[in-house]
Amino acid sequence: MEITGKIIAKLQPQSGVSKNGNNWSKQEYVLETQENFPKKVHFDFFGERANQYNLEVGQMVKLNFDIESREYNGRWYTSIRGWKAETIDEAAAVAATVGVGGAAPVPQPVAAPVDTPAAPHPAEAAAPVAPQDFGQGTPDDLPF
């Protein structure tokens with residue numbers, strides 16, 4: 001998956017040793033999208049990628065990520081794990097989000113297709129329609 005936005009927070013790096021004795025490191029960030037209703041997205045880089053991508057607050061980035069959920073003690077936790085980040089020009093990011101004229105594209109209404117029934121055959125149009133009895137006493141009663 002992919003998202004574009006501005007880095008608004010860089011959290012403290014974390015590191016440690018796993019149960020198996022392997023060293024690990026993690027760097028967390030918060031990205032804010034550049035939409036009409038901006039969203040904040042917390043994500044991290046884990047392992048060697050934690051040092052590979054040194055993002056700074058204020059940079060515009062295009063982030064490729066995976067969403068991962070796991071269960072621990074009967075509760076579910078979801079994380080957004082980045083696997084690639086590219087810094088981009090802020091003007092290009094706004095143009096991609098907003099559209100080419102500098103203003104948000106205005107949605108155009110789409111007319112629904114009109115379903116016009118075919119004209120009835122003259123013999124059918126003259127024939128009276130008999131009411132149907134649904135077993136409720138009167139011919140016009142609906143079954144519900």
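Residues numbered from 1 in each chain as written. Predicted model: local features only at pLDDT ≥ 70, side-chain atom pairs only at ≥ 80, totals over all residues. Heavy atoms only, no water.

Peer 1: Could you give an account of the overall build of the chain, with specific residues and numbers?
Peer 2: Regarding its fold elements, the chain presents three helices and six strands. When burial is assessed residue by residue, the chain has 20% of its 144 residues classed as buried. Considering only residue pairs separated by 6 or more positions, the chain has 48% of its internal contacts joining residues 24 or more positions apart. Entry remark: accessible area of the chain is about 11,100 Å², with carbon and sulfur atoms responsible for 55%. (Helix = DSSP H or I, 4+ residues; strand = E, 2+ residues; numbered from the N terminus. Buried < 20%, exposed > 50% of the residue type's maximum accessible area, 1.4 Å probe, protein only. Contact = heavy atoms within 4.5 Å. Areas by Shrake-Rupley, 256 points an atom, 1.4 Å probe, with all protein chains shown as cover.)

Peer 1: Residue-level account of the packing of aromatic side chains, with values.
Peer 2: In this structure the tally under the stated criterion is five aromatic pairs. Considering the side-chain rings of Trp24 and Phe46, the 6.0 Å spacing of their centres and the 10 degrees angle between planes classify their relative orientation as stacked. Separated by 22 residues along the polypeptide, Trp24 in strand S3 (residues 23-33) and Phe46 in strand S4 (residues 40-46) bring together distant segments of the chain. Overall, the relative accessible area of 35% leaves Phe46 in the partly exposed class. Taken together, the ring pairs connect Tyr29, Phe43, Phe45 and Tyr53 into an aromatic cluster. (Phe/Tyr/Trp six-rings, centres within 6.5 Å; stacked < 30°, edge-to-face > 60°.)

Peer 1: Give me the side chain of Glu28: which residues, what numbers.
Peer 2: The topology assignment puts Glu28 in strand S3. In this structure Glu28 comes out as buried when scored by relative accessible area, which is 11%. Of the polar contacts made by the side chain of Glu28, one reaches the side chain of Gln14; its length is 3.2 Å. Beyond its immediate chain neighbours, meaning those up to four positions away, Glu28 contacts Lys10, Leu11, Gln14, His42, Phe43 and Asp44. (Polar contact = N/O pair within 3.5 Å; in protein donor to acceptor, adjacent residues only side chain to side chain.)

Peer 1: Outline the pattern of salt bridges, supporting the account with residue identities and numerical values.
Peer 2: Enumeration according to the criterion identifies seven salt bridges in this entry. Each of Lys62, Lys84 and Glu86 takes part in a single network of salt bridges with overlapping partners. (Salt bridge = Lys/Arg side-chain N within 4 Å of Asp/Glu carboxyl O.)

Peer 1: Outline unusual backbone geometry, supporting the account with residue identities and numerical values.
Peer 2: Both trends apply: most residues other than glycine have a negative phi, and most peptide bonds are in trans. Backbone geometry at Asn73 places phi at a positive 55 degrees, although glycine is not the residue there. Relative to the helices and strands, Asn73 is located in the loop between strand S5 (60-72) and strand S6 (75-88). Take Asn73: its relative accessible area is 64%, and that puts it in the exposed class.

Peer 1: I'd like to hear about the nonpolar core, residue by residue, with values.
Peer 2: Ranked by size, the top nonpolar core spans 14 residues in total, and within it Ile7, Phe43, Phe45, Leu55 and Leu63 carry the most contacts. Among the elements of the structure, strand S1 (2-10), S3, S4, S5 and S6 are those that each provide at least two residues to this core. Those residues in contact with Leu63, other than ones at most four positions away along the chain, are Met1, Glu2, Ile3, Phe43, Phe45, Gly82, Lys84 and Ala85. (Core = buried A, V, L, I, M, F, W, Y, C linked by side-chain atoms within 4.5 Å.)

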